[in-house]
Amino acid sequence: MLLTPHPSYRCFNMQTVLYDGSYQGFLCAVFDVYDYKFSLVDICTKDQFKGNIFEQVHNVHHHKEHSERVLKGLKQKVSRETLLDIYRAFLSEKTGIENTLLQFIQYVFSNKISVEKDFSHPAVITIGETVKKVRREKHRMEAFIRFQKTKDGMFYAIIEPDFNVLPLIITHFKSRYADQKWIIYDTRRKYGIHYDGVICSEITIDCSTTGSSVNEAETQLDEQEELYQKLWQSYFKSINIEARKNTKLHLQHVPRRYWKYLTEKQLKF
Amino acid sequence: MNDRILEKLNILADAAKYDVSCSSSGSKRKNDTKGLGNAEGMGICHTYTADGRCVSLLKILLTNHCIFDCAYCVSRKSNDVKRAAFTVQEVVDLTINFYRRNYIEGLFLSSGIFSNADYTMERLVRIAKKLRLEENFNGYIHLKSIPGASDELLTEAGKYADRLSMNIEMPTEKSLKLLAPDKKREDMIRPMTFIKNAIIANRAEKQLKVKKPLFVPAGQSTQMVIGATPESDWQILKLSDGFYKHFNLKRVYYSGYVPISNDNRLPAFGTPVPMVRENRLYQADWLMRFYGYNVDEIVSAEDPFLDMQIDPKLNWALKNLHQFPVDINKADVNIIKRIPGIGLKSAYKIFEARKFTRLTWDHLKKFNIAANRAQYFVNLKIDDWQRKDYSPQQIKNFILSAGNSKYAANSSPQLSLF
Ligand code: SF4
């Protein structure tokens, strides 16, 4: 149906398309699939590729025009929100999501009418489910990030999100903390965003273990930092209503894996 | 010094926690000034209490000194509790510093009434004003309108606050007289009416494209204490309905009474908090606001209490079985919304997807519906399940015995709606 095999291929001729893992790279991969008229494709990142002698491998090269043409084409066919959903789903880093996205893009391009709301289509369903998870993680980061203030007036936060949601939360924090300098660092993916009061830029902390840099920052906290952490923790305790205790519901909202970064869950004082 | 502020925060957060509202959504305040904060868009729950309630705002009283003696309130004059009061600057500092660390969306400031209404209201307004004008703060501010406050102060409050609320507390005037003898319902209704009209005027001028400052952009809300007095759900929901229709309220909150006193006018210590009832009221409220149900379809004078075993939507469907099963592929979307187990989002997906293909039960299952409830009410072939002419009671029993934990005795408020 969607991936009609080209007559010249046999079905075992799976075409592997390797890209660098970036979103631009993925869009270039989509471009190449059309350009080379690949039919049975498996798009995967160079890191994930295990190699298989039966496979034919195509390496994607970055061309700005290519990714832009795919984007431009999509913009004409889908709403802004759906375009963003493609990006959001991509950031899930879920195995095979590239192929689902390709199926969706092919479904979009092969139809004259708008199909983005065909919620019965398998690719639309998978993307919808994935986006839901990514958005939830994004929302959780916006909620659970806790900044600590350092002596030089920098607010920093460490995160370890399930998906690569950092690019999705920048605008939120930038408009919220327009007048303060901050850093949000993803220790799992080893990069962060630094806002200097004017612009945001990507940073990587160059040292053997991120742990040491975290400790370093902690020793240089603003003198009021401890007070406000303490106030927040005690606020959190005071607002509990014992007669209504409901641990199950609590955990549903704040799963344990987020606790280590939540100030109110630390009892270091 | 630090210990003192810690103690004050403990006392004044503890006293404020029975106000259940913690919403920080619905405002339109943007950070245009390159200042601190942004109250545009959806509210965020930054954490949850051990009982699973959303913590979005720094919710505190300015003081718990109070000249009134409302029986259901921990801060009542006659209660022997530690008293404290924040200074204006202390509240400002806490708000700003919590906000900068991403602990909160903003401030929800309420207060006991010290000396008189205007004196108290003036302090609340002063804090909001300072946050806005001196700290360039664009986060969310919810102020309590103090019963009996003057129009001038309410107007001032409206300029700086995103939301104003006035708790009606008791569903009937009779209960209010009994439990809060110092309060007059009139003193609550009048400010609500005044703010309502000021909001309408502000929005009307906005429509004329006159550049007007924001005025209570997130509207007004109120709260009722549930289970302290004998009112029926019908009385409660009728009142809510009136608030939504005639006062344009954004939200009515229902707060299950937590026993805090051995006053014999009230449920004794140890009486369980009516959490299931509270949850049912929220569900009913949701049906009125988003599902197009009329209050009289949910409860009536003849049948004045909500069913505690099943949610009001299922209850309505069982009483109106003649309207089911619904043809998913043809029915009006407003009918689809009324199918138990199908929420607003699933209804929307059904409505859009059926333009492309004839929907089957398999599709529906992918739309996040509660299949064990919906199956009784839709006209589709369902796997190997046999449709029969069940009675409402039979369906109810099947659904209850399907062991959905949602119906367990201690189901939680504000959790899952349908
Ligand atoms: S006026 Fe408010 S603070 Fe004072 S006793 Fe009544 S409810 Fe409590």
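Residues numbered from 1 in each chain as written. Chains lettered and ligands numbered in written order. Predicted model: local features only at pLDDT ≥ 70, side-chain atom pairs only at ≥ 80, totals over all residues. Heavy atoms only, no water.

## Things to note about the overall build of chain B
To keep it simple, the criterion reads: Going along the chain from the N terminus, every DSSP run of H or I of four or more residues is numbered as a helix, and every run of E of two or more is numbered as a strand. What the globule rule says is 2.2 Å times the number of residues to the power 0.38, and the radius of gyration is computed from C-alpha atoms. Categorising residues by exposure relies on relative accessible area from a 1.4 Å probe, with only protein chains included: less than 20% of the type maximum marks a residue as buried, more than 50% marks it as exposed, and the intermediate range marks it as partly exposed. Any two residues whose heavy atoms approach within 4.5 Å are treated as being in contact. A 1.4 Å probe and the Shrake-Rupley method give the accessible areas. Residues count as covered only by the protein chains that appear here. For this count, His and the chain ends are skipped, Lys and Arg are scored as positive, and Asp and Glu as negative. The atoms used to mark charge sites are NZ of Lys, CZ of Arg, CG of Asp and CD of Glu.
A count of helices and strands for chain B gives 15 helices and 10 strands. Its C-alpha atoms give chain B a radius of gyration of 23 Å, near enough to 22 Å, the size a compact globule of 418 residues would have. Taken over the C-alpha atoms alone, chain B extends approximately 70 × 55 × 40 Å along its principal axes. Looking at chain B as a whole, 59% of its 418 residues qualify as buried. Of the contacts made within chain B by residues no fewer than 6 positions apart, 67% connect residues no fewer than 24 positions apart. By element, 53% of the accessible surface of chain B is carried by carbon and sulfur atoms, the whole surface being about 17,300 Å². The centroid of the 61 positive side-chain charges in chain B is displaced by 4 Å from the centroid of its 45 negative side-chain charges.

## With respect to the site of the ligand
Note the cut-off: Being near a molecule or strand, for a residue, means having at least one of its heavy atoms within 4 Å of it. As a working rule, the residues Ala, Val, Leu, Ile, Met, Phe, Trp, Tyr, Cys and Pro are called nonpolar, Asp, Glu, Lys and Arg charged, and the rest polar, with Gly in that last group.
Close contacts around the ligand come from C66, F68, C70, C73, R76, G112, I113 and K183 of chain B, and that covers them all. Here the residues of the shell around the ligand are counted per class, giving five nonpolar, one polar and two charged.

## Describing the domain arrangement of chain A
Accessible area lost upon the coming together of the parts is a frequently used measure of interface size. Residues and elements named next belong to chain A. Here is the rule we go by: Segmentation into domains, and thus their bounds, comes from an automatic or database assignment. Buried area: the accessible surface (1.4 Å probe) lost by two parts on joining, summed over both. In what follows, salt bridge is the name for a side-chain nitrogen of Lys or Arg lying within 4 Å of a carboxyl oxygen of Asp or Glu. We define a polar contact as two N or O atoms separated by no more than 3.5 Å, with the added condition that, inside protein, one atom must be a possible hydrogen donor and the other a possible acceptor, whereas residues neighbouring each other in sequence contribute only through side-chain atom pairs.
The domain architecture assigned to chain A consists of domain 1 (7–137), domain 2 (145–221) and domain 3 (223–269). Contact with domain 1, which involves eight residues of that partner, is made by eight residues of domain 2. Approximately 760 Å² of surface area, both sides summed, lies buried where domain 1 meets domain 2, with 66% of it carried by carbon and sulfur atoms. Looking at the side of domain 1 facing domain 2, the largest losses of area belong to L91, E93 and E137, adding up to 62% of the total buried there. Inspection of the domain 1/domain 2 interface yields one salt bridge. Where R189 meets E93, a salt bridge forms, and the shortest distance between an N and an O atom there is 3.0 Å. Our enumeration of links across domain 1 and domain 2 arrives at three residue pairs in polar contact (both at pLDDT 80 or more).

## What to know about the environment of W234 of chain B
Residues and elements named next belong to chain B. Of note, W234 is situated in helix α7 (residues 233–246). Residue W234 is classed as partly exposed on the basis of its relative accessible area, which comes to 26%. Placed 67 residues apart in sequence, W234 and A301 show a C-alpha to C-alpha distance of 6.7 Å. Not counting residues within four places of it along the chain, the set of residues in contact with W234 comprises D296, V299, S300, A301 and P304.

## A short note on the sheet that holds strand β5 (residues 57–61) of chain B
Residue and element names in this part refer to chain B. The cut-off we apply is this: DSSP-based pairing: two strands are paired if at least 2 bridges between them are found. Every angle, taken between N-to-C directions, lies between 0 and 180 degrees, and every axis is a line fitted to C-alpha atoms, over only the stretch in contact when it is a helix.
Judged by pairing direction, the sheet is parallel, and its six strands sit side by side in the order β5-β6-β7-β8-β9-β10 without closing on themselves. The sheet is open, and its two borders are formed by β5 and β10 (251–256), each paired with just one other strand. In this sheet, neighbouring strand axes are inclined to one another by 20 degrees on average, regardless of whether the strands run parallel or antiparallel. Relative to β10, strand β9 (residues 220–226) is paired through six bridges, and the arrangement is parallel. Within the sheet, the bridge partner assigned to Q223 lies in β10 and is Y253. Packed on one face of the sheet, α7 meets β9 and β10 and runs near 155 degrees to β10. Helix α8 (residues 275–290) contacts β9 and β10 of the sheet and is inclined by roughly 170 degrees relative to β10.

## Overview of the interface of chain B and chain A
Counting from both sides, the interface comprises 64 residues of chain B and, opposite them, 56 residues of chain A. Note on chain B versus chain A: buried area summed over both sides is about 5,200 Å², and carbon and sulfur give 58% of it. Together, R101, Y103 and F356 of chain B form the three largest contributors to the area buried by chain B at its contact with chain A, with a combined 14%. The interface formed by chain B and chain A contains 34 residue pairs in polar contact (both at pLDDT 80 or more). Secondary structure elements with two or more residues in the side of chain B that touches chain A: α1 (2–14), β3 (47–48), β5, α2 (88–100), α8, α12 (344–353) and α13 (361–366) of chain B. With seven residues, the single largest contributor to the side of chain B that touches chain A is α1 of chain B. Looking at the side of chain B that touches chain A, its residues break down into 30 nonpolar, 20 polar and 14 charged.

## Quick word on helix α2 (residues 64–77) of chain A
Residue and element names in this part refer to chain A. Definition in use: What a helix should span is 1.5 Å times the count of its residues minus one. To be clear, the arc concerns the directions from the helix axis to the C-beta atoms.
Its 14 residues place the ends of α2 20 Å apart at the C-alpha level, agreeing with the 20 Å of an ideal helix rising 1.5 Å per residue. Among the residues making up α2, those that are buried are H66, S67, V70, G73 and L74. For α2, the angular spread of the buried residues around the axis is 125 degrees, confining them to a single face. Facing away from the buried surface of α2 by more than 90 degrees, the exposed residues are K64, R69, K72, K75 and Q76. Contact partners of the buried residues in α2: α1 (23–35), α3 (80–90) and α4 (97–109).

## As for the state of the cysteines
All names here are of chain B. Heads up, the condition is: A pair of cysteine sulfur atoms is labelled a disulfide when the two atoms are within 2.5 Å.
Under the definition given, this model contains one disulfide over all chains. With its sulfur 2.1 Å from that of its partner, C45 forms a disulfide with C54. Residues C45 and C54 are joined through a disulfide that is left-handed, its torsion about the S-S bond being -100 degrees. Taking relative accessible area as the criterion, C45 reaches 21% and is therefore assigned partly exposed.

## Some points on the packing of α2 of chain A against α4 of chain A
Residues and elements named next belong to chain A. The criterion, for reference: Oblique is the label for any angle not covered by the other classes, which are roughly parallel (under 35 degrees), roughly antiparallel (over 145) and roughly perpendicular (65 to 115). Handedness of each helix crossing follows the sense of rotation of the near helix against the far helix: counterclockwise by less than a right angle gives left-handed, clockwise gives right-handed.
At a minimum axis distance of 10 Å, the contact between α2 and α4 shows a crossing angle of 60 degrees. Taken together, α2 and α4 sit at an angle that is classed as oblique. Once α2 is placed against α4, the crossing between them reads as left-handed. The residues of α4 that touch α2, namely those facing V70, G73, L74 and K77, are I105, V108 and F109. In terms of residue class, the contact of α2 with α4 is built from five nonpolar, one polar and one charged.

## Examining the packing of aromatic side chains
Keep this limit in mind: Side-chain rings of Phe, Tyr and Trp (the six-membered ring for Trp) are treated as a pair once their centres are within 6.5 Å; stacked means planes under 30 degrees apart, edge-to-face means over 60, and tilted covers the remaining angles. Throughout this description, the term charge over a ring refers to an Arg CZ or Lys NZ atom that lies within 6 Å of the ring centre and within 35 degrees of the ring normal.
In the structure shown here, the tally under the stated rule is 33 aromatic pairs over all chains. When the centroid spacing of 5.4 Å and the interplanar angle of 90 degrees are considered together, the rings of F114 of chain B and Y119 of chain B count as edge-to-face. Judged by relative accessible area, F114 of chain B falls into the buried class, the value being 17%. Pairwise contacts between aromatic rings join F147, F173, Y177, W182 and Y195 of chain A together with Y99 and F137 of chain B into one cluster. Above the ring of W259 of chain A, the side-chain terminus of R256 of chain A is found at 4.9 Å from the ring centroid. Taking the ring centre of Y293 of chain B as reference, the NZ or CZ of R338 of chain B above it sits at 3.9 Å.

## Describing a positive patch on the surface
Under the convention used in this document: Patch definition: residues with relative accessible area over 30% and no salt bridge; like charges joined within 9 Å; nonpolar side chains (Val, Leu, Ile, Met, Phe, Trp, Tyr) joined within 5 Å.
There is a patch of like positive charges on the surface, built from K94, K132, K133 and R136 of chain A together with K345 of chain B. A total of three residues in the positive patch trace back to one element, the largest contributor, which is helix α5 (residues 122–144) of chain A. Locating K94 of chain A in the fold gives a position in the loop between α3 and α4. Classification of K94 of chain A by relative accessible area gives partly exposed; the value is 35%.

## Regarding the nonpolar core
Filter applied, for reference: We define the nonpolar core as a collection of buried residues of types Ala, Val, Leu, Ile, Met, Phe, Trp, Tyr and Cys that are connected through side-chain atoms lying within 4.5 Å of one another.
With 189 residues, the main nonpolar core has F26 and Y235 of chain A together with I60, F98, I339 and I342 of chain B as its most contacted residues. Setting aside residues up to four positions removed in sequence, F26 of chain A forms contacts with Y19, I43, F90, E98, L101, L102 and I105 of chain A. Counting six residues, the second-largest nonpolar core is a separate cluster that includes C22, L57, F108 and Y140 of chain B.

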